[in-house]
There are 2 protein chains.
Amino acid sequence: MTSAAVGARRAPRRDAEENRTALLDAATIALGSDPDASLEAIAAAAGLSRRAVYGHFATRDELVAASVERGALRLAAATADVERDDARVALALLGARLWDTVEQVRVLASLAVRGPSLAVVGEALAPVRSRLLAIVTAGAASGTIRDDIQAASLSRLIEQAAIAVLVEATESGFSRDDGHRLVMLIALSTAGLSAHEANELIDATPELHHPLPEDAAL
Amino acid sequence: MTSAAVGARRAPRRDAEENRTALLDAATIALGSDPDASLEAIAAAAGLSRRAVYGHFATRDELVAASVERGALRLAAATADVERDDARVALALLGARLWDTVEQVRVLASLAVRGPSLAVVGEALAPVRSRLLAIVTAGAASGTIRDDIQAASLSRLIEQAAIAVLVEATESGFSRDDGHRLVMLIALSTAGLSAHEANELIDATPELHHPLPEDAAL
DNA sequence: AATAACTTGCACAGCGCTGTGCAAGTTATT
DNA sequence: AATAACTTGCACAGCGCTGTGCAAGTTATT
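What you see is a predicted model, and the numbers here were worked out from it, not measured in a lab.

S.K.: Before we move on, can you summarise the overall build of chain A with the specific residues and values?
M.R.: Helices and strands together make up the secondary structure of chain A, namely ten helices and zero strands. Element order for chain A, N to C, with α for helix and β for strand: α-α-α-α-α-α-α-α-α-α. C-alpha extents for chain A along the principal axes are approximately 65 × 40 × 30 Å. Every one of the 218 residues in chain A was classed for burial, and the buried ones make up 44%.

S.K.: Quick rundown of the protein's contact with DNA strand D? Include the residues and the values.
M.R.: In the region of DNA strand D, 26 residues are neighbours, and Arg14 and Thr59 of chain A together with Pro12, Ala16 and Ala52 of chain B sit closest. Contributing elements (two or more residues each) for the surface near DNA strand D: α1 (14-33), α2 (39-45), α3 (50-56) and α4 (60-79) of chain A together with α1 (14-33) and α3 (50-53) of chain B. Broken down by class, the residue content of the surface near DNA strand D amounts to eight nonpolar, six polar and twelve charged.

S.K.: So what's going on with the relation of the copies chain A and chain B? Residues and values would help.
M.R.: Note on the identical chains: chain A maps onto chain B by a rotation of 180° and an axial translation of 0.0 Å, with an RMSD of 0.0 Å. Such a turn and shift between the copies fits a two-fold axis. Taking C-alpha positions as the reference, the residue of chain A nearest the rotation axis is Ser194 of chain A, at 1.9 Å.

S.K.: Which residues make up the UniProt feature "DNA-binding region" (unreviewed entry) in chain A, and what values go with them?
M.R.: Per the UniProt record, the feature "DNA-binding region" (unreviewed entry) sits at residues 38-57 of chain A. For residues 38-57 of chain A, the end-to-end C-alpha separation is 14 Å, with 70% helix and 0% strand making up the annotated structure.

S.K.: Mind laying out the protein's contact with DNA strand C, listing which residues take part and the relevant values?
M.R.: Around DNA strand C sit 26 residues, and of these Pro12, Ala16 and Ala52 of chain A together with Arg14 and Thr59 of chain B come closest. Of all the secondary-structure elements, those providing two or more residues to the surface near DNA strand C are α1 and α3 of chain A together with α1, α2 (39-45) and α4 (60-79) of chain B. When grouped by side-chain class, the residues that make up the surface near DNA strand C number eight nonpolar, six polar and twelve charged.

S.K.: Account for helix α8 (residues 151-172) of chain B, with residues named and values stated.
M.R.: All names here are of chain B. End to end, α8 covers 31 Å across 22 residues, agreeing with the expected 32 Å (1.5 Å per residue, within 8%). Of all 22 residues in α8, 16 are buried, a share of seventy percent or more. Downstream of α8 by a residue or two, Gly173 has a phi angle that is positive, lying close to 65°.

S.K.: Break down the nonpolar core for me, citing the residues and quoting the values.
M.R.: Membership of the largest hydrophobic core comes to 134 residues, with the highest contact counts inside it found for Ala187 of chain A together with Ala187 of chain B. Ignoring anything within four residues of it in the chain, the contact list for Ala187 of chain A reads Leu91, Ala92, Gly95, Ile158, Ala161 and Ala162 of chain A.

S.K.: Tell me what's going on with the UniProt feature "domain: HTH tetR-type" (unreviewed entry) in chain A, and back it up with residues and numbers.
M.R.: Here, the residues flagged by UniProt with the feature "domain: HTH tetR-type" (unreviewed entry) are residues 17-75 of chain A. End-to-end, the C-alpha atoms of residues 17-75 of chain A are 22 Å apart, and along that stretch the chain is 80% helix and 0% strand.

S.K.: Give a description of the interface of chain A and chain B that names residues and reports values.
M.R.: Many descriptions give the size of an interface as the accessible area lost when the pieces come together. Of the residues lining the interface, 24 residues belong to chain A; the matching set on chain B comes to 24 residues. Only α8 (151-172), α9 (176-190) and α10 (195-204) of chain A provide two or more residues apiece to the side of chain A that touches chain B. The element contributing the most residues to the side of chain A that touches chain B is α8 of chain A, with nine residues. The residue makeup of the side of chain A that touches chain B, split by class, is eleven nonpolar, eight polar and five charged.

S.K.: Go over the packing of α4 of chain A against helix α5 (residues 87-100) of chain A with me, naming the residues and quoting the values.
M.R.: Residue and element names in this part refer to chain A. One way to put it is that α4 packs onto α5 with a least axis distance of 9 Å and a crossing angle of 140°. Judged by the inter-axis angle, α4 sits oblique to α5. α4 and α5 meet at a crossing whose hand is right-handed. Within the contact between the two elements, α4 uses Leu75, Ala78 and Thr79 and α5 uses Leu94, Arg97, Leu98 and Asp100. Its residues placed into classes, the contact of α4 with α5 shows four nonpolar, one polar and two charged.

S.K.: An account of the environment of Val120 of chain A is requested, with residue identities and associated values reported.
M.R.: All names here are of chain A. With respect to the helices and strands, Val120 occurs in helix α7 (residues 119-142). You can call Val120 partly exposed: it has 17 C-beta atoms within 10 Å. For the pair formed by Val120 and Leu108, sequence separation is twelve residues and the distance between their alpha carbons is 9.9 Å. Leaving out residues up to four positions away in the same chain, Val120 has contacts with Ala65 and Val68.

Cut-off values and rules
- Residues numbered from 1 in each chain as written.
- Chains lettered and ligands numbered in written order.
- Predicted model: local features only at pLDDT ≥ 70, side-chain atom pairs only at ≥ 80, totals over all residues.
- Helix = DSSP H or I, 4+ residues; strand = E, 2+ residues; numbered from the N terminus.
- Buried ≥ 20, exposed ≤ 12 C-beta atoms within 10 Å, placed from the backbone.
- Near = placed C-beta within 6 Å.
- Nonpolar A, V, L, I, M, F, W, Y, C, P; charged D, E, K, R; others polar.
- Least-squares fit on C-alpha atoms with pLDDT ≥ 70 in both.
- UniProt positions renumbered as here; feature names shortened; annotations may be inferred.
- Expected span 1.5 Å × (residues − 1).
- Core = buried A, V, L, I, M, F, W, Y, C linked by C-beta atoms within 7 Å.
- Contact = placed C-beta atoms within 7 Å.
- Axes fitted to C-alpha atoms, helices over the stretch in contact; angles between N-to-C directions.
- Parallel < 35°, antiparallel > 145°, perpendicular 65-115°, else oblique.
- Left-handed = near helix turned anticlockwise from the far one by under 90°.

See the structure below:
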């Protein structure tokens, strides 16, 4: 019964899915630069009317949440394999992977900065945050990362420092390579390495040298 | 002619000035935790009606600007004497002074995070920012502060890192002394010192040991 | 070619906010 | 005690936004 089931519905149109994605893309960009961006603005950026948004998302919050969630999934995917014996390397790598996904993740940064206003963001970022905390804890235990700051605090400070680099990078127009190195440097510095040690570590670790090639979206 | 000048007006009432100050205080606190706080909320916190606000400030923006400006003046005053031969010490001291004025300055932090949305903040912070940039530049020249990151970028990153400490401190409920040390540590780390070097520097420099006593307001 | 799926445009209600006018009240100053 | 200074409370206009209904259009699927 391919075409005549009880209450059968024709398959959704292909362009609907495309429009949904366009809305998420537009929301990611728009909310990234202004967390209060209006639906009008987002819809326009997606090439749709405001009214059409409601064909895909019941409320504005739902669209925002979907955008955040997609970003978080991408970030989680990009950082899933970051486990290294040396906590410093793991940390640098985590930063680098963050950098590699900035464009797709900027919503997170911009909304994360807002603080506790949006619970969705917290939930969405949870896996990455716990990975960071694990790295910091392990590093402190093995002596490769500072232990003069409580691990929980330190990992939040590193997170904020990394976000600051993303912002700085987009405002100062850094190249892909510059940003890639900078985010690692700042993460390592916050973690207690000297500038010299951070640079040496990066230079001595080939896998830290180049950004991931931009690849297929999730 | 003490009482009968042409068009003479009675002196403003003492409580009017008090109410104005109460509004600024309330705005500083309210905007610090939510940059979009309503006039209703601010007025209530100041023990006044929303309508009364307009007796002191023509628009909401004017109130916000006044609050920001007062915070900036206090911060500038608190950091006016920060000039030291050792750029590292100067940097740590700048962070410490920031910490000493957090309560009065939280508006700045919360609005500064918002980015370019509010030009007032940028102008208000200008003097402190240029002092920070000067310190970073001098330190890089003399070799006490890292020079692998462009001074302009580095000083912005240090600023953001310091703000992150303020936020972290209020959320984790640090003591005055803990926050005092933490903001210095993070500033120095971002500037390129190792955790060990940062701690040693602080320990070896008496003037960095204790927060300023809380003193008279501006 | 028929039809369901999707979009558009308009109109409208509603929300939460800012800013204003005004009359009636309260409080500090003289 | 008189009076100017200030506050309150209410009512109202207006703004920019979200969310909804509906009729008319367009576009992909069958």
